[in-house]
Amino acid sequence: MYVRHLQVTDFRSWAHADVAFEPGPSVLVGANGQGKTNLVEALGYVATLGSHRVATDAPLVRHGASRAIVRTAVVNAGRELLVELEVTPGRSNRARVNRAPVPRPRDVLGILRTVLFAPEDLALVRGDPGERRGFLDELLVLRAPRFAGVRGDYERVLKQRSALLKSAGVARRAGRRGGEGTGEAGDIRTLDVWDGHLARHGAELLAARLDLVADLAPHVGAAYAGVAPESRPASIAYRSSLGGALPEGYGQPGGPRADVATLEAALLDELGRVRPQELERGVCLVGPHRDELDLVLGEAPAKGYASHGESWSFALALRLGSFELLRADGAEPVLVLDDVFAELDRRRRRSLAGVALGAEQVLVTAAVPEDVPEELVGARYEVRDGEVRRV
């Protein structure tokens, strides 16, 4: 898999850009603010329908424009596909493949797979649990695009059930003050139905995450040992809101594959157990949205205990582990390294360059040529004054 061509219109700072790529290393060099990261961000958007820098689409559209367009030609298993995405804030985005409209933008997922390592990835180690859940879900979709729908279904059910919990809690408190609450009984009966929906969709997402972590963990441990051999060993583990109700061995390398029906029953039981607390607090306390990916160095959690260098190494290991997992699945992704070599010491630069040289295609951005290891010999592009020029 590799990107042959990228064209953007009104995307971020670019009124227009047109770049031809080829397999192997391609290095985009330009001072900060020239737009080199915006170009690889556009490719990441095609791969994931999201940005590694912002949570919404609005900042992706150039100031003063009404929409942004990203077109990319991707060679996948010897077949070239042209993907076009039209990003319009406040409206539904549109997508085309080989110039033919597709029903939903998410239908383009899987055509391009990328693994992107960027300075923002430090948040995977130091940030909130939502950062790590997002990392897992993005990787899930890269492995199997259908999980974009699974995650969307779960989020819709969670939103509905959370709203119902709030209204039921209000009704319950009103009943305490003024006698029987007329709406509480109806809300509770409706809540039973939404418990079933949440358990069903949540079990599918949870099972996929558990199996993903079991598959990913050895790759992350090996990648960390490669970039930080003098450090304590690194490991990852999935921590579910089910607690002790999670079947033994789920999510562990060599353990049993997660069974959706078993997890659905466990989620239903746990939802019943915590319902009084949920009604009191008005929030959903059980489900994949409450889970955590634990990052561990030796015996200590990485968050709060890892040094700056160890945190960088762990973030890098998560991305390199993802890259190796996707390769093992038979779907080698494009590796994107966005302005990261300047943040790494010489040894970590060499380790990362060694992995990059083994990729079918690697796209690198850097502020100055000296930031890029000499081993990454390939196409070079200068990004300056609104132009991309091969040098």
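Definitions and cut-offs
Residues numbered from 1 in each chain as written. Predicted model: local features only at pLDDT ≥ 70, side-chain atom pairs only at ≥ 80, totals over all residues. Heavy atoms only, no water. UniProt positions renumbered as here; feature names shortened; annotations may be inferred. Helix = DSSP H or I, 4+ residues; strand = E, 2+ residues; numbered from the N terminus. Buried < 20%, exposed > 50% of the residue type's maximum accessible area, 1.4 Å probe, protein only. Contact = heavy atoms within 4.5 Å. Lys, Arg positive; Asp, Glu negative; His and termini not counted. Charge placed at Lys NZ, Arg CZ, Asp CG, Glu CD. Pairing = 2+ DSSP bridges. Axes fitted to C-alpha atoms, helices over the stretch in contact; angles between N-to-C directions. Salt bridge = Lys/Arg side-chain N within 4 Å of Asp/Glu carboxyl O. Polar contact = N/O pair within 3.5 Å; in protein donor to acceptor, adjacent residues only side chain to side chain.

Going by the annotation in an unreviewed UniProt entry, the name recorded for the chain is DNA replication and repair protein RecF, with Streptoalloteichus tenebrarius given as the source organism. Regarding the chain, the UniProt comment filed under Function (unreviewed entry) reads as follows: "The RecF protein is involved in DNA metabolism; it is required for DNA replication and normal SOS inducibility. RecF binds preferentially to single-stranded, linear DNA. It also seems to bind ATP." Checking UniProt for the chain, the heading Sequence similarities (unreviewed entry) contains the comment "Belongs to the RecF family."

Moving on, we get to the overall build of the chain. Assigned secondary structure in the chain consists of eight helices and 15 strands. Relative to its full complement of 391 residues, the chain shows a buried share of 51%. Here the contacts in the chain between residues at least 6 apart in sequence split such that 71% fall between residues at least 24 apart. With 51 positive and 53 negative side-chain charges, the chain shows a spacing of 4 Å between the two charge centroids.

Let us now look at the sheet that holds strand S9 (residues 234-239). The strand order S9-S10-S11 describes an open sheet built from three strands, whose pairing is antiparallel. The two strands at the open ends of the sheet, each matched to only one other strand, are S9 and strand S11 (300-301). Two strands pair when backbone bridges link them, and S9 and strand S10 (residues 292-297) are joined in this way by six bridges, in the antiparallel orientation. Its bridge partner being in S10, Arg 239 is matched across the sheet by Glu 292. Helix H3 (residues 129-143) contacts S9 and S10 of the sheet and is inclined by roughly 100 degrees relative to S10. Where helix H7 (residues 308-328) meets the sheet, it contacts S9 and S10, and its direction lies at approximately 125 degrees from that of S10.

A few words now on the UniProt feature "binding site: ATP" (unreviewed entry) in the chain. According to UniProt, the positions carrying the feature "binding site: ATP" (unreviewed entry) are Gly 30, Ala 31, Asn 32, Gly 33, Gln 34, Gly 35, Lys 36 and Thr 37. On the secondary structure map, Gly 33 appears in the loop between strand S3 (24-29) and helix H1 (36-48). Here Gly 33 falls in the exposed class, since its relative accessible area comes to 73%.

For the rest of this paragraph, the subject is the side chain of Asp 291. As for its position among the elements, Asp 291 is in the loop between helix H6 (260-281) and S10. The buried charged residue Asp 291 lacks any salt bridge partner; its closest oppositely charged side chain belongs to Arg 209, at an N-O distance of 4.3 Å. A distance of 2.6 Å separates a polar atom in the side chain of Asp 291 from a polar atom in the side chain of Tyr 238.

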